[in-house]
Amino acid sequence: MRYFLDAEFNGFGGELISLALVPQDPVAVPFYEALPCTEPKPWVLAHVLPALRTSPISRPAMIAKLGAYLRDDPEPVVVADWPEDIAHLALLMVTGPGYRLASPRLIFELLDLPLFDSEALSEVPHNACHDATAFRTYILSEQR
């Protein structure tokens, strides 16, 4: 199945704050979790943290939930519009030195979408789950 990815992070190159995978199937449950952000940048403090709408969990807990979420999909395809989102997801798959989440196959698809504006299209801008949902809606409407 295809999953539409969005992540929020603490400024350019900053640590991950939240990550969402929204399945192409609108009936399927999305993955959405957040991590603590102890020293947020001013913009993040003003725009991202108020939009989280979930309680942060530990990184090991987030990794475990991500593994459980993807476990039953033999060939997940993750679609993103920003390389840093993919980087944060890939880093979540690293569970320790020399270890990673098990996945028989995982495909990343990076799209260049100069006309897509998640802030304008998202029901709750800067909330990774709502932004990923807006991304899914945009992509699926473009493919019709």
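Scroll up to find the structure this text is about.
Peer 1: Looking at this structure, I do not really get the nonpolar core. What am I missing?
Peer 2: Across soluble globular proteins, you tend to see nonpolar side chains buried next to one another. Ranked by size, the top nonpolar core spans 21 residues in total, and within it Leu5, Leu19, Leu21, Met62 and Leu66 carry the most contacts. Among the elements of the structure, β1 (2–9), β2 (16–23), α2 (59–70), β4 (77–80) and α3 (83–92) are those that each provide at least two residues to this core. Not counting chain neighbours up to four residues away, the residues in contact with Leu21 comprise Tyr3, Phe4, Leu5, Pro30, Phe31, Leu66, Tyr69, Leu70, Val78 and Leu89.

Peer 1: When you look at helix α5 (residues 128–142) in this model, what are you seeing that I'm missing?
Peer 2: An α-helical turn contains 3.6 residues, so any two residues separated by three or four positions project in the same direction. Taking 1.5 Å of rise per residue, the 15 residues of α5 would be expected to cover 21 Å, and the 21 Å separating its terminal C-alpha atoms lies within 8% of that figure. Considered for burial, the residues of α5 that qualify are Ala128, Cys129, Asp131, Ala132, Ala134, Phe135, Arg136, Tyr138, Ile139 and Leu140. As for α5, its buried residues are in contact with β1, β2, β3 (31–34), β4 and α4 (118–121). Measuring from the side-chain oxygen of the N-cap residue of α5 to the backbone nitrogen of Cys129 gives 2.9 Å; that N-cap residue is Asn127.

Peer 1: How should the sheet that holds β2 be read in this particular structure?
Peer 2: Strand pairing in a sheet is mediated by backbone hydrogen bonds. Such pairs are either parallel or antiparallel. Overall, mixed pairing links the five strands, which are arranged β3-β2-β1-β4-β7 in an open sheet. Strand pairing shows two members of the sheet lacking a second neighbour, β3 and β7 (107–110), which therefore form its edges. Along the sheet, successive strands turn relative to each other by an average axial angle of 25 degrees, direction set aside. Along the sheet, α2 makes contact with β1, β2 and β3, crossing β3 at roughly 175 degrees. The sheet contacts of α3 involve β1, β2, β4 and β7, and relative to β1 the element is tilted by about 95 degrees.

Peer 1: What's the story with the layout of surface pockets in this structure? I'm lost.
Peer 2: Empty space among the atoms becomes visible once a probe the size of a water molecule is rolled across them. Of the volumes computed, that of the largest pocket is approximately 410 Å³. As for the largest pocket, its lining consists of 20 residues, of which Asp6, Ala7, Glu8, Ser118 and His126 are closest to the centre. Where the lining of the largest pocket is concerned, the elements lending two or more residues are β1, α1 (42–47), α4 and α5. Examining the composition of the lining of the largest pocket, we find that five residues originate from one element, β1, more than from any other. When the residues that make up the lining of the largest pocket are grouped by side-chain class, the tally is ten nonpolar, three polar and seven charged.

Thresholds applied
- Residues numbered from 1 in each chain as written.
- Predicted model: local features only at pLDDT ≥ 70, side-chain atom pairs only at ≥ 80, totals over all residues.
- Heavy atoms only, no water.
- Core = buried A, V, L, I, M, F, W, Y, C linked by side-chain atoms within 4.5 Å.
- Buried < 20%, exposed > 50% of the residue type's maximum accessible area, 1.4 Å probe, protein only.
- Helix = DSSP H or I, 4+ residues; strand = E, 2+ residues; numbered from the N terminus.
- Contact = heavy atoms within 4.5 Å.
- Expected span 1.5 Å × (residues − 1).
- Polar contact = N/O pair within 3.5 Å; in protein donor to acceptor, adjacent residues only side chain to side chain.
- Pairing = 2+ DSSP bridges.
- Axes fitted to C-alpha atoms, helices over the stretch in contact; angles between N-to-C directions.
- 1 Å grid on protein atoms, 1.4 Å probe; cavity = no way out; pocket = protein on both sides within 12 Å on 5 of 7 lines; lining within 4 Å.
- Points joined across faces, edges and corners; volume = space filled by probe spheres on them.
- Nonpolar A, V, L, I, M, F, W, Y, C, P; charged D, E, K, R; others polar.

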